[in-house]
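Okay, here's what each chain looks like letter by letter:
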Amino acid sequence: HAWMPRVRSVRRSAARLVLTCLLLFSCIGAAQAKSKAANRRTQSLDREVMVKRAECEAALKGDVECLTTAIEFDNCVLRCVSHRCYRAVYGDDALEDGEVDTQRGRTFRSCSRTELRESKQRDMEQVRIAAAGEREDNL
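Only a predicted model underlies this, so the values are computations on that prediction, with no experimental measurement involved.

Cut-offs used in this document
- For every chain, the first residue of the written sequence is number 1, and numbering continues from 1 along that sequence.
- Given that the model is predicted, a residue must reach a pLDDT of at least 70 before its local features are reported, and side-chain atom pairs must reach 80 or more before they are shown or counted; all residues, however, enter totals for whole chains, interfaces and linings.
- Only hydrogens and water are removed before side-chain values are computed, so all heavy atoms of the structure are retained for them.
- A pair of aromatic rings is counted whenever rings of Phe, Tyr or Trp (Trp by its six-membered ring) have centres within 6.5 Å, and the orientation is called stacked for planes under 30 degrees apart, edge-to-face for over 60 and tilted otherwise.
- Secondary structure follows DSSP: runs of H or I at least 4 residues long count as helices, runs of E at least 2 residues long count as strands, and numbering of each begins at the N terminus.
- When a residue's accessible area, from a 1.4 Å probe over protein chains only, is under 20% of the maximum for its type it is buried; when over 50% it is exposed; and in between it is partly exposed.
- Here, a charge over a ring means that NZ of Lys or CZ of Arg falls within 6 Å of the ring centre while also lying within 35 degrees of the ring normal.
- Salt bridge criterion: a side-chain nitrogen from Lys or Arg within 4 Å of a carboxyl oxygen from Asp or Glu.
- Residues grouped as a nonpolar core are buried Ala, Val, Leu, Ile, Met, Phe, Trp, Tyr and Cys residues, joined through side-chain atoms within 4.5 Å.
- Any N or O atom pair separated by 3.5 Å or less is treated as a polar contact, with the protein-specific requirement of one donor-capable and one acceptor-capable atom, and with residues adjacent in sequence counted only for side-chain atom pairs.
- Residue contacts follow a heavy-atom distance rule, with two residues in contact if any of their heavy atoms lie within 4.5 Å.
- Two cysteine sulfurs form a disulfide in these notes if their separation is within 2.5 Å.

**Description of the packing of aromatic side chains**
Here is step 1: Counted by the stated rule, this structure contains two aromatic pairs.
Here is step 2: Measuring from centroid to centroid gives 6.1 Å for Tyr-90 and Phe-108, while their planes differ by 45 degrees, and the two rings are tilted. Of this pair, Tyr-90 sits in the loop between helix 3 (83-89) and helix 4 (102-138) while Phe-108 sits in helix 4, and the two are 18 residues apart along the sequence. The exposure classification of Tyr-90 matches that of Phe-108, with both residues buried.
Here is step 3: One aromatic cluster in this structure is built from Tyr-86, Tyr-90 and Phe-108.
Here is step 4: Lying over the aromatic face of Tyr-86, Arg-79 brings its terminal NZ or CZ to 5.1 Å of the ring centre.

**Details of the environment of Arg-106**
Here is step 1: Tracing the backbone shows Arg-106 in helix 4.
Here is step 2: Under the relative-accessibility criterion, Arg-106 is labelled partly exposed at 49%.
Here is step 3: Residues Arg-106 and Val-89, spaced 17 residues apart in sequence, show a C-alpha to C-alpha distance of 9.8 Å.

**Some details on the pattern of salt bridges**
Here is step 1: What the rule picks out here adds up to eleven salt bridges.
Here is step 2: The partner of Arg-113 in a salt bridge is Asp-46, with the nearest N and O atoms 2.8 Å apart. Residue Arg-113 is found in helix 4, and its partner Asp-46 is found in helix 1 (residues 3-60); the two are separated by 67 residues along the sequence.
Here is step 3: Judged by its relative accessible area of 26%, Asp-46 falls in the partly exposed class.
Here is step 4: Put simply, Asp-93 and Arg-104 hold a salt bridge, and the shortest N to O gap is 3.5 Å. Residue Asp-93 is located in the loop between helix 3 and helix 4, and its partner Arg-104 is located in helix 4; the two are separated by eleven residues in the primary sequence.
Here is step 5: Exposure remark for Asp-93: the relative accessible area of 43% places this residue in the partly exposed category.

**Topic: the nonpolar core**
Here is step 1: Grouped together as the largest cluster of nonpolar side chains are 17 residues, with contacts concentrated most on Leu-60, Val-77, Leu-78, Val-81, Tyr-90 and Phe-108.
Here is step 2: Elements with a contribution of two residues or more to this core: helix 1, helix 2 (70-81), helix 3 and helix 4.
Here is step 3: With six residues, helix 2 is the largest single contributor of residues to this core.

**Quick look at the side chain of Arg-104**
Here is step 1: Overall, Arg-104 belongs to the buried group, its relative accessible area being 13%.
Here is step 2: One polar contact links the side chain of Arg-104 to the main-chain carbonyl oxygen of Asp-93, over a distance of 2.7 Å.
Here is step 3: Beyond its immediate chain neighbours, meaning those up to four positions away, Arg-104 contacts Val-89, Tyr-90, Asp-93, Ala-94, Leu-95 and Glu-99.

**Brief notes about the state of the cysteines**
Here is step 1: If you walk through the whole model with that rule in mind, you get three disulfides.
Here is step 2: Paired through a disulfide, Cys-56 and Cys-80 show a sulfur-sulfur distance of 2.1 Å. Classification of the bridge connecting Cys-56 and Cys-80 rests on its S-S torsion, roughly -75 degrees, and on that basis the disulfide is left-handed. Taken together, the positions of Cys-56 in helix 1 and Cys-80 in helix 2 put the pair 24 residues apart, joining distant regions of the chain.
Here is step 3: We classify Cys-56 as buried; its relative accessible area is 1%.
Here is step 4: The partly exposed category is assigned to Cys-80, whose relative accessible area is 30%.
Here is step 5: One disulfide bridge connects Cys-85 with Cys-111, the sulfur atoms lying 2.1 Å from each other. Its S-S torsion of approximately -85 degrees makes the covalent link between Cys-85 and Cys-111 left-handed. Here the residue Cys-85 occupies a position in helix 3, and Cys-111 occupies one in helix 4, the gap between them amounting to 26 residues.

As C-alpha cells, this is what we get:
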C-alpha cells in the first residue's frame, strides 16, 4: 500500500487547487459587482446632470443674452448646469462657433457628476445632523 500516501497527496493538491480557483472566481465576481454598482451610480448621476441641463435649456429659452448664437446658448446652459465646473473647465476660453471639444466636454461632465455627488453627500450629512439633534431633543 505504498501508493496510498501518494493518492492522499494528489487528492489534497486537487482540493487545494479547487479551493484556490473558487476563491479566485469569487474575488473576480465581487470586483465585477462593485464595478457594476459604480457604473450604475455614474449612470444615475449622468441622468441627473442631463435633467439639470434640460431644465437650464428650458429656463434660458427666453434669455436674450443667451440666444444671440447657438454656441452662446450652449455656453449659457453649461454655466447654468455648473458655474464652478464651467469656470474650471472652460475658464476664459469659451466654446467658439463650430468648435467641438470632446475632451473638455468629458471633463465638464465628470466635474458636474462630482459636484452633484458632493452636494448629495452634504445633504445627507445635514439630514443626519438634524436627525441626531431631534434625538437629543427627545431625550
